[in-house]
Amino acid sequence: CDIRSLGYEEKRKLLATIEKAVAFVTTMIFQDGSSQLNSEQVLTSSVKGVVVLVKNQTDYPCLPGYSSTDCTWDAANEDDKLIYLKTEWSSLWEQEQQAHKKFTWQVLFQMLRCKVPIICFNAKDFLRTLLQVYGNEISWKQVADSVVLDPRIAAWLINPSDTVPSFECLIQKYFEKPFSVETVNTDTGPLRNTSYQNLGVNLEKLYNVMMDLAHDLQVQGLWKLFCTLELPLIKILAVMETHKIHVNKQELKKTSEILGLRLKELEQEAHQVAGERFLLTSSHQLREVLFEKLKLHTLCEKVHRTEIQQLVSTSEVVLNKLQDLHPLPKIILEYRQVHKMKSTYVDGLRMCMRKGFISSTWNQTGTATGRLSAKHPNIQGISKHPIRITKKQYIKGKEEEIVTISPRTLFVSKKGYTFLAADFSHIELRILADLSSEPELLKLFQEPETTDIFSSLASQWKGIPSEQVKHADREQAKRIVYSVVYGAGKERLADCLGTTPLQASQFIESFMQKYKKINEFTKKTIEQCRNKGYVVSIMGRKRPLANINAQDYKLRTQAERQAVNFVVQGSAADLCKMAMVEIFTSVVVSPNLTARLIAQLHDELLFEVEDSQIQEFS
DNA sequence: ATTTTGACGCTAGG
DNA sequence: CCTAGCGTCAA
């Protein structure tokens, strides 16, 4: 039914029905007639309304062996109700519209409040839209109370390697029989009944797929992870996406110009020393200049090659080795740094801005390790380290001004609020210590005098007193540790360290000698993966690795590295998500705290906190 | 002749 | 190891 055509009594009855419902299955309808169930998610099309399938039957057959595609909308559930809620209004006829608007949000509010599961494909988008449309009527804390289920997240937990691209793909995967989702065809006219019918069928399928997935999750021991971590996260991310961060637009424009000037200077210098004009941003052209014309690689042993085409690389590590042989590599290195800064962090950020603000889009199912990812902008990848630029002041005579540019300072907190960051300290290393129970490593973390874990580790490893640990030793220890965590081989470590593979393997050897249990942990993990076909994190997150028993050496060893890496990185992701959920809920239950989560940078949570609440919140 | 797409390389984050 | 994003280049 369309709620616009309901009388007073019917509306009352509808609310009563909602009160008794056992589940809601929902999807948003867009201006162009598509819904969240269509494969092409149109970003330009605005939201027109919400369709809700209200499930009233508790005894719905959902047993194994029962093919859910057999049931149709008409046959299976006469008691269920399909309702259409329009959330978009024209500015005309205030009186009438106000009444509808009020009732619509009454219905939605009751759905959120009554703790009955709301099943939605891409539930985060649904919740975010509610917050945006009813921003004045619904507070973000109320959304936090709701119970949402998203089959896409369930499917991802079962196999995080395949990101289900659409509802159609999900259905095809789970009920092998292919079928098509017809678009709801409505131009400007009223929705036709057949469209409702079709949508009803699809919502029914959505419900069934969710029930099947719930069963699978329970069988696979993923149910708790799903309910306690991933489902609450949907709401957290929805709330996060509704919060906007202010960016200093003038500063952005100014720095873009400064960086542009510096790039021009560097380009000129590069052409000068190269003795020819070429495109600095083209690694292909740079390769011709460096290695075919100047033949610099012949003066250097073992240079890194590109992955696919096996050409001599022009990457940072190689350029670092070449910088004493010719002035060009150094210029290129600076050019790349400045270019990255301009294209990604300055101009790229400006492209993401809407009225002086940015807000990232968070993907909960985008990684194979359980981590989150962000885009538009990728706030997790914004450069930490500032760069220095010598700006020539042509106007004021011959003065030279050194300006430092650090992208993170371009974000400004609201007036009366402060950004507050809380981060884990070396979480992956701690997890490695815990999982391997390596006594020496555990000791390092337990010792209260340990202020810098990598310095202490370097001192412990090489047996030198901690005061004599040099910066280079610390860096080396750090790189080796993370190479082990990330499962890198000797070649990769050599690239990372800028040494030969032989030396790198000696480092690994010496490291493994000192910390034997780490090696044992690695072997045990790979062995378990071989037997079961998957690996498991601390919270039971799984990653199947089909290639773990492959004949092909390259594929198999890759799978082995992925296995080890997953256990560490995935467990870290578990703990970080737990922290998110716990902090979020404690703010929600607090009557006075207003702190908003702004971003998650894997092992760091960034909040915007009212100045007066900083103490209490901390 | 011009635009789009996919493969590849590089680098920022963790 | 796993991400996002910017760039070139050829199809």
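What counts, and at which threshold
- Residues numbered from 1 in each chain as written.
- Chains lettered and ligands numbered in written order.
- Predicted model: local features only at pLDDT ≥ 70, side-chain atom pairs only at ≥ 80, totals over all residues.
- Heavy atoms only, no water.
- UniProt positions renumbered as here; feature names shortened; annotations may be inferred.
- Helix = DSSP H or I, 4+ residues; strand = E, 2+ residues; numbered from the N terminus.
- Buried < 20%, exposed > 50% of the residue type's maximum accessible area, 1.4 Å probe, protein only.
- Contact = heavy atoms within 4.5 Å.
- Areas by Shrake-Rupley, 256 points an atom, 1.4 Å probe, with all protein chains shown as cover.
- Lys, Arg positive; Asp, Glu negative; His and termini not counted.
- Charge placed at Lys NZ, Arg CZ, Asp CG, Glu CD.
- Polar contact = N/O pair within 3.5 Å; in protein donor to acceptor, adjacent residues only side chain to side chain.
- Pairing = 2+ DSSP bridges.
- Axes fitted to C-alpha atoms, helices over the stretch in contact; angles between N-to-C directions.
- Domains from an automatic or database assignment.
- Buried area = accessible area lost by both parts, 1.4 Å probe.
- Salt bridge = Lys/Arg side-chain N within 4 Å of Asp/Glu carboxyl O.
- Nonpolar A, V, L, I, M, F, W, Y, C, P; charged D, E, K, R; others polar.

Naming follows an unreviewed UniProt entry, where chain A appears as DNA-directed DNA polymerase of Caloenas nicobarica. For chain A, the Catalytic activity (unreviewed entry) comment in UniProt is given as "DNA(n) + a 2'-deoxyribonucleoside 5'-triphosphate = DNA(n+1) + diphosphate". Database annotation for chain A, UniProt heading Sequence similarities (unreviewed entry): "Belongs to the DNA polymerase type-A family."

A. Quick look at the overall build of chain A. A tally of regular secondary structure across chain A gives 22 helices and 17 strands. With the C-alpha coordinates of chain A rotated into their principal frame, the extents come out at 85 × 70 × 50 Å. For chain A, the proportion of its 618 residues judged to be buried stands at 49%. Contacts spanning at least 24 positions in sequence make up 68% of the contacts within chain A whose residues lie at least 6 apart. Per element, the accessible surface of chain A, about 31500 Å² overall, is 51% carbon and sulfur. With 78 positive and 72 negative side-chain charges, chain A shows a separation of 3 Å between the mean positions of the two kinds.

B. Representation of the environment of Arg 371. With respect to the helices and strands, the residue Arg 371 is situated in the loop between strand S8 (361–363) and strand S9 (373–375). Arg 371 sits 230 residues away from Leu 601 along the chain, and the two C-alpha atoms are 9.7 Å apart. Leave out the neighbours within four places in its chain, and Arg 371 touches Glu 428, Gln 569, Ala 573 and His 602. Here the side chain of Arg 371 touches Gln 569 through a polar contact of 3.5 Å, side chain to side chain.

C. How the structure looks around the sheet that holds strand S16 (residues 596–600). Read across the open sheet, the 3 strands follow the order S13-S17-S16; overall the sheet is antiparallel. The sheet is open, and its two edges are formed by strand S13 (417–423) and S16, each paired on a single side. The sheet shows a mean angle of 25° between the axes of neighbouring strands, taken without regard to direction. Pairing geometry for S13 and strand S17 (residues 604–610), over 7 bridges, is antiparallel. Each residue of the ladder has a partner; that of Leu 420, found in S17, is Phe 607. On top of the sheet, helix H21 (residues 553–589) reaches S16 and S17; it is set at about 20° to S17, its chief contact.

D. Up close: helix H16 (residues 453–462). Among the 10 residues of H16, 9 are classified as buried, and the element is accordingly described as predominantly covered. Among all positions of H16, only Ile 453, Phe 454, Ser 455, Ser 456, Leu 457, Ala 458, Ser 459, Gln 460 and Trp 461 are buried. At the N-terminal end of H16, a side-chain oxygen is found 3.1 Å from the backbone nitrogen of Phe 454, two or three residues along, and the residue is Asp 452. Of the residues trailing H16, Gly 463 is marked for its positive phi of about 70°.

E. Region of interest: the pairing of S16. With 5 of 5 residues buried, S16 lies mostly within the body of the structure. Both S16 and S17 contribute to a ladder of 4 bridges, which runs antiparallel. Among the inter-strand pairings, Ala 599 is bridged to a residue of S17, identified as Leu 606. Between the antiparallel neighbours S16 and S17 lie 3 residues, among them His 602 with a positive phi of about 70°.

F. Fine view of the domain arrangement of chain A. In terms of domains, chain A is made up of domain 1 (3–242), domain 2 (246–412) and domain 3 (430–568). On the side of domain 2, 11 residues touch domain 1, which itself brings 13 residues to the contact. Between domain 1 and domain 2, roughly 1100 Å² of surface is buried when both sides are summed, and carbon and sulfur atoms account for 56% of that area. For the domain 1 face of the interface with domain 2, the top three residues by lost area are Trp 156, Leu 237 and Glu 241, together amounting to 47%. Across the domain 1-domain 2 interface, the total number found is 0 salt bridges. For the pair domain 1 and domain 2, the interface holds 7 residue pairs in polar contact (both at pLDDT 80 or more). Contributions of two or more residues to the side of domain 1 that touches domain 2 are made by helix H6 (151–158) and helix H9 (223–242). With 6 residues, H9 is the single largest residue contributor to the side of domain 1 that touches domain 2. Along the lines of polarity and charge, the residues of the side of domain 1 that touches domain 2 split into 7 nonpolar, 2 polar and 4 charged.

G. Molecular detail of the sheet that holds strand S6 (residues 245–247). Taken in spatial order, the 3 strands make up an open sheet running S7-S6-S12, and their pairing is antiparallel. Strand pairing shows two members of the sheet lacking a second neighbour, strand S7 (357–358) and strand S12 (411–412), which therefore form its edges. Bridge analysis of S6 against S7 gives 2 bridges, and the strand direction is antiparallel. Bridging across to S7, Ile 245 finds its partner in Ile 358.

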